[in-house]
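Remarks on the overall topology
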Amino acid sequence: MNKVFMSGNHAFAEAAIRAGCKCYFGYPITPQNELGEYMAGNIRNAGGVFIQSESETAAINMLIGASATGVRSMTSSSSPGISLKQEGISFLAGFELPAVIVNVMRGGPGLGNIAPAQGDYFQATRGGGHGDYRTPVFAPASVQEIADLTRKAFDVADKYRTPVMILGDGMMGQMKEPVVFPDKIEDTVEKEWALKGRGNGNSRYLASLILDTSEMERHNWKLYRKYQEIEANEVSYESYMVDDADVVAIAYGTTARIAKGAIKRVRKDGIKVGLIRPITLWPFPSKIIKDIAQRVRKLIVFEMSTGQMVEDVRLAVEGSVDIHFHGRPGGVIPTPVEFARIMYREYQKQKKGSL
Amino acid sequence: MKLKNKWPKYYKKDVSTHYCPGCGHGVVHRLVAEVLEELDLGKRAICVNPAGCAVLAYKYFDIDVIESAHGRGTAIATGVKRAKPELFVFTYQGDGDLSAIGTAETIHSANRGENICVVFINNAVYGMTGGQMAPTTLLTQKTTTSPGGRDPQFDGYPLHITDVVAQFPGVTYAERVAVNSPAAVLKTKKAIRTAFQVQVDGLGYSIIEVLSPCPTNWKMSSIASHKWIDEVMSKEFPLGVLADRRKRG
Ligand SMILES: Cc1ncc(C[n+]2csc(CCOP(=O)(O)OP(=O)(O)O)c2C)c(N)n1
Ligand code: SF4
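Because the structure is a prediction, the values reported are computed rather than measured.

This next bit is on the overall build of chain B. A count of helices and strands for chain B gives nine helices and nine strands. For chain B, the C-alpha radius of gyration of 17 Å lies close to 18 Å, the compact-globule estimate for 249 residues. Taken over the C-alpha atoms alone, chain B extends approximately 50 × 45 × 30 Å along its principal axes. By residue count, 58% of the 249 residues in chain B fall in the buried class. Within chain B, contacts between residues separated by at least 24 positions form 70% of all contacts whose residues are at least 6 apart in sequence. Put simply, chain B shows about 10,100 Å² of open surface, and 57% of that area lies on carbon and sulfur atoms.

In structure tokens form, the structure reads like this:
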């Protein structure tokens, strides 16, 4: 397919349709309305299902129903709506049903505002709802990556029978960029676990209620082993100018783009800063960060929050290197100049420290 | 006359019930299983079971079943039916499930006229959690959370959710029935059959509300429960067809 110029929100939708997504359920909320609007016309034209639900709660439960029949399905929302979906995401994890959930984050807590933010990192990467589970989380940083990771999210969801979250932000959703989509596929994989009516076979059921504690424990360990497998296989990150770097920045999504801009600036002055951009937030690229910590003098974590991912960085390096955190919460979008200033300052500090 | 015990095809054998003696759930389960067999729907049926005493419905129904979070049954049923219209989809829900926590899903699935069936067990209490007040609890009725009897000043009035959705053009069939006598049970079966046929014919949403005894939480004998449905409960919730739009063009 040729290059097209498209917004992130439209790209989520187009990529989902091309991944064989047949059902979309959602409730309007800014800054991701264009995703549902695109689906309303296009998924129905492609023979799929679009429902504007009465709430995000209803949307995620419709998705549960559709996914239980083995059909690729998606929902999307922004922060407050994602909170409402958490009960359903917990059920998806318990039922072991695949699903793709897009969160185009905005400022919070509460209604917050409609500007881009990264305050839902904890919620996304820690499971979010109740109970002992995890969800893989993808963090795109361009419209092209939105297209690629949406396809990947459906594959990972099916492969591990798990809900997958794509964590974007208002900037990712609204921004327009050139994008080339992968070819459309039909989801023809036979899902032997799907409920299709018993036919001539035995009846089956999907239940998350497991009253017997030892059976529930077995189920929890089974899920845990699956999460271990995901941790072993699915970690993804981009490293940018890391090889000769003395200081490495860590940032995802929109913040990573800004950090790249800043790195280009400071490099002109011979300031050797690199970037690790986690593409999966869970599983987190802990190993590469731990390795880099052995040979650089400082890590700088940039987030559009008061500091959430920075905790995973701390866990990864286990105190082996200095970490500076710079955050802009509340929907404020930092600039490359601002990040560059932080890089200069922290770079000079570590230089002095080494004398 | 010789009585024959005919076991419904889609009701599992050799399971002992978890329902209390005199509970209406078991009766309605059996009726549903019989209708599934008579209309030959069992092979392509999906039941969406609730959080409530019927959370274990899959122990009895020998068809595919998916559990729902409390109140979300009709949203899940919507997803199943829209994804696979060839399946026969019904929810089985209690009054707390359907008319408290799940009110929005109930109203909007009905208003969209989803081609699904709803079997609604109204026992005027929260059975599973130990007999708290439900939206359907009658005025002056004592429950663990209305210990002095339901008082409208504090607790509001019994909610007639089936009468509400019966007003919607999207609702094809709505009927209120009971299971407190052999005649009432037969009527209930007929109502369930009608509702299921509505979906088979592609005519849209149907809901059957069943006034159903909960002797345990009503703190009554089974017989007294049946009498109470006749003399008290069905005065608040009159039996009968509440909507029938099968003939619209
Ligand atoms: C979100 C949530 N809140 C509360 C509960 C606890 N709960 C389980 S069943 C139930 C009420 C069941 O009453 P009803 O729907 O009337 O069904 P019955 O047990 O009487 O058949 C409640 C409150 C729950 N499972 N989930
Ligand atoms: S508590 Fe009530 S509704 Fe629940 S099983 Fe017992 S009698 Fe039936």
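Residue and element names in this part refer to chain A. Following both chains from N to C, one finds helix α10 (residues 286–293) and helix α11 (residues 309–317) inclined at 60°, their axes separated by 8 Å at the closest point. Judged by the twist between their axes, the crossing of α10 over α11 is right-handed. On the side of α10, the interface is formed by Ser-286, Ile-289, Lys-290 and Ala-293, while α11 contributes Val-313, Ala-316 and Val-317.

Next up on the list: the interface of chain B and chain A. Each side of the interface is counted separately: chain B has 34 residues, and chain A has 34 residues. Around 2,600 Å² of area is buried between chain B and chain A when both sides are counted, 62% of it from carbon and sulfur atoms. It is B:Lys43, B:Asp64 and B:Glu67 that lose the most area in chain B upon contact with chain A, and together they represent 23% of the buried surface on that side. Along the contact surface separating chain B from chain A lie three salt bridges. On inspection of chain B and its partner chain A, the count reaches 14 residue pairs in polar contact (both at pLDDT 80 or more). The element that contributes the greatest number of residues to the side of chain B that touches chain A is helix α2 (residues 73–83) of chain B, accounting for seven residues. Its residues assigned to classes, the side of chain B that touches chain A comprises 17 nonpolar, five polar and 12 charged.

Per-residue pLDDT for chain B has a mean of 97; in total, 100% of the residues score no lower than 70. Reported for the predicted complex are a pTM of 0.97 and an ipTM of 0.97.

On to the site of ligand 1. Near ligand 1, the surroundings consist of 17 residues, among which B:His25, B:Cys53, B:Asp95, B:Asp97 and B:Gly127 are the closest. Mapping the residues adjacent to ligand 1 onto the chains of the assembly identifies chains A and B. Compared with its free state, where it exposes 590 Å², ligand 1 has 75% of that area covered by protein. For the shell around ligand 1, the elements supplying multiple residues, two or more each, are α3 (95–101) and β5 (125–126) of chain B. The greatest single-element share of the shell around ligand 1, amounting to four residues, is contributed by α3(B). A class-by-class count of the residues in the shell around ligand 1 yields six nonpolar, eight polar and three charged.

With that settled, consider the site of ligand 2. Residues and elements named next belong to chain B. The environment of ligand 2 is formed by Tyr-19, Cys-20, Cys-23, His-25, Cys-53, Asn-123, Gly-127, Cys-214, Pro-215, Thr-216 and Asn-217. The leading source of residues in the shell around ligand 2 is helix α8 (residues 215–218), at three residues. For the shell around ligand 2, the residue count by class is six nonpolar, five polar and no charged.

On to the pairing of strand β11 (residues 247–250) of chain A. All names here are of chain A. Of the two faces of β11, the one carrying Val-247 and Ala-249 and the one carrying Val-248 and Ile-250 are both buried. Of the pairings in the sheet, the one linking β11 to strand β12 (residues 273–278) comprises four bridges and is parallel in character. Bridge pairing links Val-247 to Val-273 in β12. Following the chain from β11 across helix α9 (residues 253–268) to the adjacent parallel β12, one finds a crossover that is right-handed. As defined by bridge partners, β11 adjoins strand β14 (residues 298–303) across four bridges and the pair is classed as parallel. Bridge assignment links Ala-249 to a residue of β14, and that residue is Ile-300.

Glancing now at α2(B). Taking burial as the measure, the 11 residues of α2(B) include 10 buried ones, the bulk of the element. Every buried residue of α2(B) is accounted for by B:Gly73, B:Thr74, B:Ala75, B:Ile76, B:Ala77, B:Thr78, B:Gly79, B:Val80, B:Lys81 and B:Ala83.

Moving on: the pairing of strand β10 (residues 237–240) of chain A. Residue and element names in this part refer to chain A. By the alternation rule, side chains of β10 split into Glu-238 and Tyr-240, which are all buried, and Tyr-237 and Ser-239, of which none is buried. Bridge count for β10 against β12 is four bridges, and the pairing is antiparallel. When the sheet's bridge partners are listed, Glu-238 is paired in β12 with Arg-277.

All names here are of chain A. Along α10, the residues classified as buried are Ile-289, Ile-292 and Ala-293. The arc enclosing the buried residues of α10, seen along the axis, measures out at 105°, which places them on a common side. Looking at the buried residues of α10, the elements they touch are β11, β12, β14 and α11.

Turning to the environment of A:Ile263, a few remarks are in order. Along the chain, A:Ile263 turns up in helix α9. Not counting chain neighbours up to four residues away, the residues in contact with A:Ile263 comprise A:Tyr240, A:Met241, A:Val273, A:Gly274, A:Leu275 and A:Met343.

A few words on the sheet that holds strand β7 (residues 171–178) of chain B. The mixed open sheet is built from eight strands, whose spatial order is β9(A)-β2(B)-β1(B)-β3(B)-β4(B)-β8(B)-β7(B)-β9(B). This sheet does not close on itself; its edge strands, each paired only once, are β9 (205–206) of chain A together with β9 (240–244) of chain B. Where strand β1 (residues 45–49) of chain B meets strand β2 (residues 64–67) of chain B, four bridges bridge the pair, whose relative direction is parallel. Each bridged residue has a counterpart across the sheet, and for B:Asn49 the counterpart in β2(B) is B:Glu67. Along the sheet, helix α7 (residues 182–200) of chain B contacts β3 (88–94), β4 (117–122), β7 and β8 (205–211) of chain B; its crossing angle with β7(B), the most-contacted strand, is approximately 165°.

Turning our eyes to something else, we now look at the environment of A:Ser208. The topology assignment puts A:Ser208 in the loop between β9 and α8 (213–233). Under the relative-accessibility criterion, A:Ser208 is labelled partly exposed at 22%. For the pair formed by A:Ser208 and A:Ser90, sequence separation is 118 residues and the distance between their alpha carbons is 9.4 Å. Setting aside residues up to four positions removed in sequence, A:Ser208 forms contacts with A:Phe91, A:Phe95, A:Met216 and B:Glu67. A polar atom in the side chain of A:Ser208 sits 2.4 Å from the side chain of B:Glu67.

Residues and elements named next belong to chain A. Read from one edge to the other, the open sheet built from seven strands follows the order β3-β2-β4-β5-β7-β6-β13, with strand pairing classed as mixed. The open sheet has two free edges, formed respectively by β3 (49–52) and β13 (280–282), since each of these has just one partner strand. Direction of pairing for strand β2 (residues 23–26) relative to strand β4 (residues 73–77): parallel, over a ladder of four bridges. Bridge assignment links Tyr-24 to a residue of β4, and that residue is Met-74. Helix α1 (residues 8–18) contacts β4, β5 (99–105) and β7 (163–169) of the sheet and is inclined by roughly 175° relative to β5. Contacts between helix α3 (residues 56–68) and the sheet are confined to β2, β3, β4 and β5, with β4 contributing the most and set at about 165° to the helix.

Conventions and cut-offs
For every chain, the first residue of its written sequence is number 1, and the numbers climb from 1 along that sequence. For naming, the first written chain is A and the first written ligand is 1, with later ones following in the order written. Side-chain atom pairs in this predicted model are given and counted only at pLDDT of 80 or more, local residue features only at pLDDT of at least 70, and totals for whole chains, interfaces and linings cover all residues. Processing note: side-chain calculations cover all non-hydrogen atoms of the structure and skip hydrogens and water entirely. Each helix corresponds to a stretch of at least 4 residues labelled H or I by DSSP, and each strand to a stretch of at least 2 residues labelled E; elements are numbered beginning at the N terminus. As a reference, a globule follows 2.2 Å times the number of residues to the power 0.38, and the radius of gyration itself is taken over C-alpha atoms. Under the scheme applied here, a residue whose accessible area is under 20% of the maximum for its type counts as buried, over 50% as exposed, and between as partly exposed, the area being computed with a 1.4 Å probe on protein chains only. In this description, contact between two residues means that some pair of their heavy atoms is separated by no more than 4.5 Å. Surface accessibility follows the Shrake-Rupley procedure with a 1.4 Å probe radius. Residue values consider only the protein chains on display as shielding. To get an axis, a line is fitted to the C-alpha atoms, and for a helix only the part in contact is used. The angle between two axes follows their N-to-C directions and goes from 0 to 180 degrees. Here a crossing is taken to be left-handed if its near helix is turned anticlockwise relative to the far helix by less than a right angle, and right-handed if that turn runs clockwise. Buried area: the accessible area, evaluated with a 1.4 Å probe, that two parts lose upon being put together, summed over both parts. By definition here, a salt bridge exists when the distance from a side-chain nitrogen of Lys or Arg to a carboxyl oxygen of Asp or Glu is within 4 Å. Think of a polar contact as two N or O atoms within 3.5 Å of one another; within protein, one of them needs to be a possible hydrogen donor and the other a possible acceptor, and neighboring residues in sequence only count if both atoms come from side chains. Under the scheme applied here, ten amino acids are nonpolar (Ala, Val, Leu, Ile, Met, Phe, Trp, Tyr, Cys and Pro), four are charged (Asp, Glu, Lys and Arg), and all others, including Gly, are polar. Per residue, pLDDT captures the predictor's confidence, and it can take any value from 0 to 100. Summary of the distance rule: residues count as near a molecule or strand when at least one heavy atom falls within 4 Å of that molecule or strand. Between any two strands, pairing holds if DSSP finds at least two bridges. Consider the strands pointing away from the viewer: the crossover is right-handed when the path from the first strand over the helix to the second runs clockwise. The arc refers to the directions leading from the helix axis to the C-beta atoms.

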